[in-house]
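Structural characterization, general
So you can see what is in the structure, the chains are spelled out below.
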Amino acid sequence: MALRVNADNFEEKVLKADKPVLLEFYSDSCIPCKRMAGPLGDVEDEYEDSLLVYKVNVNYDDALAEKYGVMSAPTLILFVNGEEKNRRSGAANKEEIIEFISGKN
């Protein structure tokens, strides 16, 4: 299951990561976010050697959501070498998440 990051550890975990980072901005009350938990977990397991998967709760870390212009949950952002490389909003299944991280969407 994806670990939650916040403003205190965001730079270390996401921006300074030695692997690409898939970051989900989510809310506990968001039904599409809950539906993505399984597919996101599957992707995390399959790509554990080459990808880090973290989550940001927009209700508690609204400053991060604002900084990255997140307007809805769920929003996925792919970071590579500390830079945003891809973004998508809305629920996604496993195949869509894999296409997202490979840059095919």
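Look a little higher up for the structure.
Below: a short report on this structure.

Some thoughts on the environment of Val-21
- Turning to its location among the elements, Val-21 is positioned in strand β2 (residues 21-26).
- Taking relative accessible area as the criterion, Val-21 reaches 0% and is therefore assigned buried.
- In this structure the C-alpha to C-alpha distance between Val-21 and Asn-57, which are 36 residues apart in sequence, comes to 16 Å.
- With residues up to four places along the chain from it excluded, the contact list for Val-21 reads Lys-13, Val-14, Leu-51, Leu-52, Tyr-54, Ile-77, Leu-78 and Phe-79.

Here's the deal with the pattern of salt bridges
- A full pass over the atoms with the stated rule returns six salt bridges.
- In this structure, the salt-bridge partner of Glu-83 is Lys-85, at a minimum N-O distance of 3.8 Å.
- A relative accessible area of 48% means that Glu-83 is categorised as partly exposed.

Section: the state of the cysteines
- Applying the stated criterion to the full structure yields one disulfide.
- With a sulfur-sulfur separation of 2.4 Å, Cys-30 is cross-linked through a disulfide to Cys-33. Judged by the torsion about the S-S bond (80°), the Cys-30/Cys-33 disulfide is right-handed.
- Looking at Cys-30, the relative accessible area reads 9%, which means it is buried.

Focus on the pairing of strand β4 (residues 75-80)
- In terms of burial, β4 is a largely internal element, five of the six residues being buried.
- Summarising the sheet, β2 and β4 pair through five bridges and their orientation is antiparallel. Residue pairing for β4: Glu-24 is matched across the bridge by Leu-76.
- Sheet topology places β4 next to strand β5 (residues 83-89); six bridges connect them, and they run antiparallel. Residue pairing in the sheet places Leu-76 in a bridge with Arg-88 of β5.
- Taking the residues that link successive antiparallel strands as the turn, the β4-β5 hairpin has two residues, and the phi of Asn-81 there is positive, at about 55°.

A short note on the packing of helix α2 (residues 31-46) against helix α4 (residues 94-102)
- In contact at an axis separation of 9 Å, α2 and α4 are set at 50° when each is read in the N-to-C sense. Between α2 and α4, the angle is such that the two are oblique. By crossing handedness, the relation of α2 to α4 is classed as right-handed. For the pair formed by α2 and α4, the contact residues are Met-36, Pro-39, Leu-40, Asp-42, Val-43 and Glu-46 on the first element and Lys-94, Ile-97, Ile-98 and Ile-101 on the second.

Quick look at the packing of aromatic side chains
- Here the structure, examined in full by the defined rule, presents three aromatic pairs.
- A centroid spacing of 5.4 Å and a plane angle of 45° characterise the contact between Phe-10 and Tyr-68, whose relative ring orientation is tilted. Separated by 58 residues along the polypeptide, Phe-10 in helix α1 (residues 10-15) and Tyr-68 in the loop between α3 (62-67) and β4 bring together distant segments of the chain.
- Owing to a relative accessible area of 15%, Tyr-68 belongs among the buried residues under this scheme.
- Three or more aromatic residues joined by ring pairs form one cluster here, namely Phe-10, Tyr-68 and Phe-79.

Quick notes on the rules
- Residues numbered from 1 in each chain as written.
- Predicted model: local features only at pLDDT ≥ 70, side-chain atom pairs only at ≥ 80, totals over all residues.
- Heavy atoms only, no water.
- Helix = DSSP H or I, 4+ residues; strand = E, 2+ residues; numbered from the N terminus.
- Buried < 20%, exposed > 50% of the residue type's maximum accessible area, 1.4 Å probe, protein only.
- Contact = heavy atoms within 4.5 Å.
- Salt bridge = Lys/Arg side-chain N within 4 Å of Asp/Glu carboxyl O.
- Disulfide = S-S within 2.5 Å.
- Pairing = 2+ DSSP bridges.
- Axes fitted to C-alpha atoms, helices over the stretch in contact; angles between N-to-C directions.
- Parallel < 35°, antiparallel > 145°, perpendicular 65-115°, else oblique.
- Left-handed = near helix turned anticlockwise from the far one by under 90°.
- Phe/Tyr/Trp six-rings, centres within 6.5 Å; stacked < 30°, edge-to-face > 60°.

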